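# Examination of the molecular architecture
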Amino acid sequence: MAPARDGLVLAALLFSFGLAGLLVRRNVLFILMSIEVMLNAAGLAFIAAGEHWGQPDGQVAFLFILAMAAAEVSVGLALVLHLYHRYKSVDVDAASRMKG
Amino acid sequence: MQLLWLVPALPFAGAVTLLLFGSSMRHKTVAMIGVGVVAASAALSLAIAAIFLAAPPPGGAYEQYLWLWIDVGRFRPAFALYLDALSLAMTVVVTFVATLIHLYSVEFMAGEEGYSRFFGYMNLFVASMVTLLLANNLLLLFDGWEGVGLCSYLLIGFWYKDPANGTAAQKAFIVTRVGDTAFTVGLFVLFEHLGTLHIQDLMRFAQEQWTVGSGVAVAAAALLLGGAVGKSAQLPLQTWLPDAMAGPTPTSALIHAATMVTAGVYLIARMHVLFTLAPQVQFAVAVIGTVTLLMAGFSALTQTDIKRVLAYSTISQIGYMFLALGVGAWGAAIFHFMTHAFFKALLFLAAGIVIEALHHEHNIFRMGGLYRELPIAFWAFLAGGCALAGLPFITAGFFSKDLIVWSAGASTLGGRAFWVASLFGVLLTSLYIFRLIFLVFFGDVRTPVSRRPGWAMAVPVVVLAVLSIIGGYDEKWFLGFLGHALPPLSQLPAGAIAETVTSAFAAGALLLGIFAAWYVYMRKPALAEAFAANPVGGALHRLWFSDWGMDWLYDRVFVRPVEWLTYAVRNDIIDTVFDWITALAAFTSRALSVTENGKLRWYAAGIAAGTVIFVAIALFI
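Residues numbered from 1 in each chain as written. Chains lettered and ligands numbered in written order. Predicted model: local features only at pLDDT ≥ 70, side-chain atom pairs only at ≥ 80, totals over all residues.

### What about the overall build of chain A?
- A tally of regular secondary structure across chain A gives three helices and zero strands.
- Secondary structure elements of chain A, listed N to C terminal, follow the sequence α-α-α.
- Here chain A has a C-alpha radius of gyration of 17 Å; the compact-globule value for 100 residues is 13 Å, and the former is much larger.
- Taken along the three principal axes of its C-alpha coordinates, chain A extends 50 × 25 × 25 Å. (Helix = DSSP H or I, 4+ residues; strand = E, 2+ residues; numbered from the N terminus. Rg over C-alpha atoms; globule rule 2.2 N^0.38 Å.)

### Brief notes about the interface of chain A and chain B
- Across the contact, 10 residues belong to chain A and 10 residues belong to chain B.
- Counted by class, the side of chain A that touches chain B contains five nonpolar, two polar and three charged residues. (Contact = placed C-beta atoms within 7 Å. Nonpolar A, V, L, I, M, F, W, Y, C, P; charged D, E, K, R; others polar.)

### Brief notes about unusual backbone geometry
- Residue Leu235 of chain B is joined to Pro236 of chain B through a cis peptide bond whose omega torsion reads 0°.
- The topology assignment puts Pro236 of chain B in the loop between helix H8 (215–231) and helix H9 (240–243).
- Of note, the phi angle at Lys88 of chain A is positive, near 50°, even though the residue is not glycine.
- Within the secondary structure, Lys88 of chain A is located in the segment after helix H3 (57–87).
- Since 9 C-beta atoms lie within 10 Å of it, Lys88 of chain A is described here as exposed. (Buried ≥ 20, exposed ≤ 12 C-beta atoms within 10 Å, placed from the backbone.)

### Regarding the nonpolar core
Residues and elements named next belong to chain B.
- Counting 215 residues, the largest nonpolar core has Val97, Ala333, Ala345, Leu346, Ala350 and Val354 as its most contacted members.
- With 20 residues, helix H15 (residues 330–357) is the single largest residue contributor to this core.
- Each residue touching Val97, except ones within four places of it in the same chain, is listed here: Leu254, Ala258, Thr259, Ala341 and Ala345. (Core = buried A, V, L, I, M, F, W, Y, C linked by C-beta atoms within 7 Å.)

### What to know about the environment of Lys599 of chain B
- Note on placement: Lys599 of chain B falls in the loop between helix H26 (573–595) and helix H27 (600–620).
- Excluding its chain neighbours within four sequence positions, the residues that come into contact with Lys599 of chain B are Asp93 and Ser96 of chain A.

### Quick look at helix H22 (residues 499–523) of chain B
Residues and elements named next belong to chain B.
- With 25 residues, H22 should reach 36 Å at 1.5 Å per residue; the first-to-last C-alpha distance of 34 Å fits that figure.
- Inspection of H22 places Thr502, Phe505, Ala506, Ala509, Leu510, Gly513, Ile514, Ala517 and Tyr521 among the buried residues, and these make up the whole buried set.
- Contacts from the buried residues of H22 go to helix H17 (375–389), helix H18 (396–410), helix H19 (416–441) and helix H23 (525–533). (Expected span 1.5 Å × (residues − 1).)

### Quick notes on the packing of helix H14 (residues 306–326) of chain B against H15 of chain B
Residues and elements named next belong to chain B.
- Relative orientation of the contacting elements H14 and H15 amounts to 175°, with a least axis distance of 9 Å. For the element pair H14 / H15, the angle class is roughly antiparallel. Mapping the contact onto sequence places Ile306, Lys307, Leu310, Thr314, Gln317, Tyr320, Met321, Ala324 and Leu325 in H14 and Trp330, Ala332, Ala333, His336, Phe337, His340, Lys344, Leu347, Phe348, Ala351, Val354 and Ile355 in H15.
- Among the residues forming the contact of H14 with H15, the class breakdown is 15 nonpolar, four polar and two charged. (Axes fitted to C-alpha atoms, helices over the stretch in contact; angles between N-to-C directions. Parallel < 35°, antiparallel > 145°, perpendicular 65-115°, else oblique.)

### Some details on the pairing of strand S2 (residues 78–84) of chain B
Residue and element names in this part refer to chain B.
- Counting buried residues along S2, five of its seven residues qualify, which places the element largely inside the surrounding structure.
- Here strand S1 (residues 61–68) runs beside S2; their pairing, made up of seven bridges, is antiparallel. Residue pairing in the sheet places Glu63 in a bridge with Tyr82 of S2. (Pairing = 2+ DSSP bridges.)

Okay, structure coming up:
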């Protein structure tokens, strides 16, 4: 059985990759994918922590995250469609009119 | 005597009624109320005077406690009235003269805009003045004092559509404010050291606790003198009174000649113990009075506006009262107040008739020959002028002014210099008033008469003319009556100037003045012009005409520097501190709004960086 620390390190790495992807990609689809990676990194951290304490709570939380991710993706894809419809582009920087 | 409170309350009720509801009343009703309440008040004070004389209250004074006004620690001034010989005499004269002037105004102000406003203000003035006179403590007195100042302001600026009148009103208000500030500080000093503002207690405590000439007594007396000087238009605060003539003539007669301006005289007489304890200040009172009476006399000689001549004459006559107070002739000052109230009110009312008759002409050089056209005004002016100059034996002014001149020489506090100066003042007085009479009533008719006075204007003038003649006959009785409230004059030992000698000199000065006025203005009019054409004479003429350049001096010393200062700090220095704060906020706002660029990834980076920083803080600090 891999120790909980390895799971947490992997989760941190995944999260960092996701964050890096979020920050460097301009394509809104890739951004959504990066967010998925980060969500799953958080889920992995829950499971690793639940494993460490011998509790089922971590897996329960992961189920919640899964449900939430599904909802998020459906809303996110709807927004992406709308964005594309309006700007004829999937570049997220195109939609920057809302600023101070 | 229990009805004493009605004497101020009646005019006050009249003022409230007229100011609230007067604008919707008919003029006749307004006049009925306006004159009625003051007449009732005068009748009541006459009745009280009769009772007071028939059965004097114990101790020569009656005190009516109405209610406790303020109750803060030791400070418990009551709303209470104090009636003694001094306040009774003043109250009777004020209400009586006020009644006559109100009656006169019924016709004088007829058809004017703001008829009810005028009577409302006048009633409020009478109420305040009587409160001032009857107050038993200095705070209530100050209340009345400010009340009359307010009415003076309102009435000078009565014709408010002309900005010049508003300016004159403000000038009067601001200049008297200088004196009132000194007065207020004086009240603080008195309360701080003696713990009360009740006038009689104050005088008793002062006598017990303070030695003659002690510093605090001198300070308190000097501060009260400051207030008196402002209100009574004495040097150096006299400049407001000539400009106060912008108000309607009955106002000038009542407020700026007969009653309000003598409030300073009353204050000093009321607080005479304090001034006795501060001989330096009392001497200053005499000096101020003497200098003022001479300066104003010279100024009156050169004026061309009929009301300004009378205004300077008022300043000069109050100078006589101050001189009397300064040499300890308290009774003489109040006696002169009474006769002055009669004849100066008379002169102003007669001047009002002349002005009305000539289409509001004020310049005496455009009047003339009115002797036949306006006999009432002429005889009134003659009676008033003779009383003012002090024509021997037949006018009231002679008795009162002679008494002052004699006291100036014969008092232990007086001296030969005061005596000579006040005699010279008699010469000036007769010179300027007869100059006025000769120019206005004799010679050629220069402006035709358009309107003659009706009975409401004629009756007060006739009554006042009679009083100006007979008002001083019972000199001994009046002074004896006042003796209950005021100490007698302390005379020099025998060998000083005799009263008959004084009278002879005064009569001589008077006749010389009349003769000079007749010679210069009737016989040889070229003489006056030659004097004005001469470089020295012209300079003197300009100096006197401008009231010795006092306005010019104040303009340079006070008004201009203040204006310059306000201009210099028009960008408020303190504001710069707040300007920095707003600049800082604006800068921060600009700096932060740069970060809000609408770019989603930038925000995400911000959130990530913030999280890292806070987690780092939580972990390592």
